[in-house]
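Close look at the chain arrangement
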Protein chains: 2
Amino acid sequence: MPKDWALAGQQRGLAEELFIPPTNFSMVDTGVYRSGYPNARNLPFLSTLGLRSIIYLCPDPYPDHMTEFVEKHQIKKFHFGLETNKDPAHDYPEEIMKGALLVLLDVRNRPLLIHCNKGKHRTGALVGCLRRMQRWMLTPIFDEYRRFAGSKARLTDQQYIELFDTSDPVFVDAMARNRVGNAAQIDSVQEKSGAPVDLVSRKEETRGGEASKVEEQGSTSSRQSLGEDSSDSDTEVHRQAMT
Amino acid sequence: MPKDWALAGQQRGLAEELFIPPTNFSMVDTGVYRSGYPNARNLPFLSTLGLRSIIYLCPDPYPDHMTEFVEKHQIKKFHFGLETNKDPAHDYPEEIMKGALLVLLDVRNRPLLIHCNKGKHRTGALVGCLRRMQRWMLTPIFDEYRRFAGSKARLTDQQYIELFDTSDPVFVDAMARNRVGNAAQIDSVQEKSGAPVDLVSRKEETRGGEASKVEEQGSTSSRQSLGEDSSDSDTEVHRQAMT
């Protein structure tokens, strides 16, 4: 199996110079994209997005093609290992979702791609929490969730979104600092270089660093930004979240 | 029936300060949104997008709430009156779709909302043509089309998208001038104020003009940009496209 599918396609005279976005790819907001798991065919397209970060929501470590991609393009990978919630008794661990949402709310991490496996459940739940923070009514949030989940829509995800506590001071603070109520507001924040967006403490220079170092910073900074000491259970959760 | 539903909701203590995006609302690309027909409840949300233009794809004139909205926010309405293609023998008139796509490709018209009635068929076909111009493979284009059309997906729309001639010099020229291959490229074009984006000839000052004047400019300029004299049939099509 050739590693670079786009190149292989060109060699066969197929899909010449055509872009192949990942399954369930879509734009969520300015500088925020969502999708299913990218395969090697999708990389030429993804490289056009100028990504600064990826929020990766599956427990497994990245395969070679993704590791090479993030290293080559100096993309920060924020790895939050979420198990699927197929089992209705299972719920997403709150601290992991919190960490992922804080990374997502920080405009300095954009352009950013959120992906899990199918781009339906874990990604859909995280985007749903973003919409709650953006003060969307539940009807359009569920409409959007189901548009991507299709016949696989899960009530557990929709319950999670509805029960999500938007009054948590960490998120209220993040929204206030980043002013990320909507796309237009994000633009204006990005234009102002001096905007007080210092929620997730990380060095601006990390783009040039090693990928492994960057990953660790991602998970660490999101824990720090929750403003909590790591109890035993917290540590376990975050250990799971790191590759 | 109260005219301002969002206000009515607040008065009843419902949906207080919550945003209600239109049916099937989504971001398509940087500065490009799509949706079904906005109702009065959706206007507080739409006003957060900072829209510069709307591409409206139904034959009917705008109702009062939309006319007032575009006037209040000095939004240019580009009205292309497309009939639905429920009848498989019916096809979208090529010149109307051409005009709409040229408006869509011009980054100076963004932020921009495309809408028809349900945000499924006419909007889906136009977005599909945009994706063809962006060199997407057909699989992800149809995936996106069906995500919004759901069980109402029409093969006629998908045929239209597949048969769409991306080699038309008008569009090739538009893409070359605007460099709108993808979101990142659009950003870079917008940053360069001196970029040679003069495809649709209109005054930059139109934002301050009257809405009715703006509408006429929209339709006229898209005809001009096709580089054709208006034959009788063309005139008929474009008359239909104007309110």
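How each quantity is defined
Residues numbered from 1 in each chain as written. Chains lettered and ligands numbered in written order. Predicted model: local features only at pLDDT ≥ 70, side-chain atom pairs only at ≥ 80, totals over all residues. Heavy atoms only, no water. Salt bridge = Lys/Arg side-chain N within 4 Å of Asp/Glu carboxyl O. Buried < 20%, exposed > 50% of the residue type's maximum accessible area, 1.4 Å probe, protein only. Helix = DSSP H or I, 4+ residues; strand = E, 2+ residues; numbered from the N terminus. Least-squares fit on C-alpha atoms with pLDDT ≥ 70 in both. Contact = heavy atoms within 4.5 Å. UniProt positions renumbered as here; feature names shortened; annotations may be inferred. Buried area = accessible area lost by both parts, 1.4 Å probe. Polar contact = N/O pair within 3.5 Å; in protein donor to acceptor, adjacent residues only side chain to side chain. Nonpolar A, V, L, I, M, F, W, Y, C, P; charged D, E, K, R; others polar. Phe/Tyr/Trp six-rings, centres within 6.5 Å; stacked < 30°, edge-to-face > 60°. Lys NZ or Arg CZ within 6 Å of the ring centre and 35° of its normal. Core = buried A, V, L, I, M, F, W, Y, C linked by side-chain atoms within 4.5 Å. Disulfide = S-S within 2.5 Å. Arc of directions from axis to C-beta.

What follows is about the pattern of salt bridges. For the coordinates displayed, the defined rule picks out 8 salt bridges over all chains. A salt bridge links Arg108(A) to Asp106(A); the shortest N-O distance between them is 2.7 Å. The class of Arg108(A) is buried, set by a relative accessible area of 14%. Judged by its relative accessible area of 0%, Asp106(A) is buried. Linking Asp168(B) and Lys98(B) is a salt bridge whose minimum nitrogen-to-oxygen distance equals 2.8 Å. Of this pair, Asp168(B) sits in the loop between helix H7 (155-163) and helix H8 (169-178) while Lys98(B) sits in helix H4 (residues 94-105), and the two are 70 residues apart along the sequence.

Structural alignment of chain A on chain B gives an RMSD of 0.0 Å, achieved by rotating through 180° and translating 0.0 Å along the axis. These values place the two chain copies in the arrangement generated by a two-fold rotation axis. A high fraction, 100%, of the interface residues of chain A reappear at the interface in chain B, so the copies pair face to face through one surface.

Under the UniProt annotation, the feature "domain: Tyrosine-protein phosphatase" (unreviewed entry) is placed at residues 24-176 of chain A. For residues 24-176 of chain A, helix accounts for 43% and strand for 13%, while the C-alpha atoms at its two ends are 31 Å apart.

Our focus in this paragraph is the interface of chain A and chain B. By a widely used convention, the size of an interface equals the accessible area lost when the partners come together. Each partner contributes to the interface: chain A provides 30 residues, whereas chain B provides 30 residues. Taken together, both faces of the contact between chain A and chain B bury some 2,500 Å²; the carbon and sulfur share is 60%. In this assembly, chain A and chain B are joined by 0 salt bridges. At the boundary of chain A and chain B, one finds 10 residue pairs in polar contact (both at pLDDT 80 or more). Listed by contribution, the elements that provide at least two residues to the side of chain A that touches chain B are strand S1 (26-29), helix H6 (138-149) and helix H9 (183-191) of chain A. Of the residues in the side of chain A that touches chain B, the class split is 17 nonpolar, 7 polar and 6 charged.

What follows is about the side chain of Arg147(A). Here Arg147(A) is to be found in helix H6. Within polar-contact distance, the side chain of Arg147(A) engages the side chain of Asn24(B) at 3.3 Å. Contacts of Arg147(A), omitting those with residues within four sequence positions, involve Asn24(B), Phe25(B), Ser26(B), Arg147(B) and Phe148(B).

Applying the stated criterion across every chain yields a total of 20 aromatic pairs over all chains. The interplanar angle of 85° and the centroid separation of 4.9 Å between the aromatic rings of Phe25(A) and Phe45(A) together place this pair among those described as edge-to-face. One end of the pair, Phe25(A), is in the loop between helix H1 (5-11) and S1; the other, Phe45(A), is in helix H2 (residues 43-46), and 20 residues separate them in sequence. Side by side, Phe25(A) and Phe45(A) carry an identical accessibility label, which is buried. On the numbers, 5.4 Å between centres and 45° between planes, the contact of Phe164(B) with Phe171(B) is tilted. When its relative accessible area of 11% is taken as the criterion, Phe164(B) is described as buried. Phe171(B) sits in the buried class, given a relative accessible area of 1%. Aromatic ring contacts, followed pair by pair, group Phe19(A), Phe25(A), Tyr33(A), Phe45(A) and Trp136(B) into a single cluster. Taking the ring centre of Phe148(B) as reference, the NZ or CZ of Arg34(B) above it sits at 3.6 Å.

Now for the nonpolar core. Ranked by size, the top nonpolar core spans 108 residues in total, and within it Ile55(A), Leu101(A), Ile55(B) and Leu101(B) carry the most contacts. The contacts of Leu101(B), once residues within four sequence positions are left out, are Leu126(B), Cys129(B), Leu130(B), Met133(B), Phe164(B) and Phe171(B).

This part takes up the state of the cysteines. Residues and elements named next belong to chain A. Per the stated rule, a full pass over the model turns up 0 disulfides over all chains. Here Cys58 is not disulfide-linked; the sulfur of Cys116 is the nearest cysteine sulfur, at 5.6 Å. You can call Cys58 buried: its relative accessible area is 5%. Left unpaired, Cys129 is separated from the closest cysteine sulfur, that of Cys116, by 13 Å. Since its relative accessible area comes to 1%, Cys129 is described here as buried.

Residue and element names in this part refer to chain A. In this chain, Arg110 is followed by Pro111 through a cis amide linkage whose omega measures 0°. Mapping Pro111 onto the fold places it in the loop between helix H4 (94-105) and strand S5 (112-115). A positive phi angle, close to 65°, is found at Arg135, a residue other than glycine. The residue Arg135 is located in the loop between helix H5 (122-133) and H6 in this model.

As a further point, take helix H8 (residues 169-178) of chain A. Residues and elements named next belong to chain A. Where H8 is concerned, the buried positions are Val170, Phe171, Ala174, Met175 and Asn178. What you see down the axis of H8 is that its buried residues fit within an arc of 130°, all on one side. Exposed and facing more than 90 degrees away from the buried side of H8 are Pro169 and Ala176. Where H8 begins, one side-chain oxygen reaches toward the backbone nitrogen of Val170, 2.9 Å away; that side chain belongs to Asp168.

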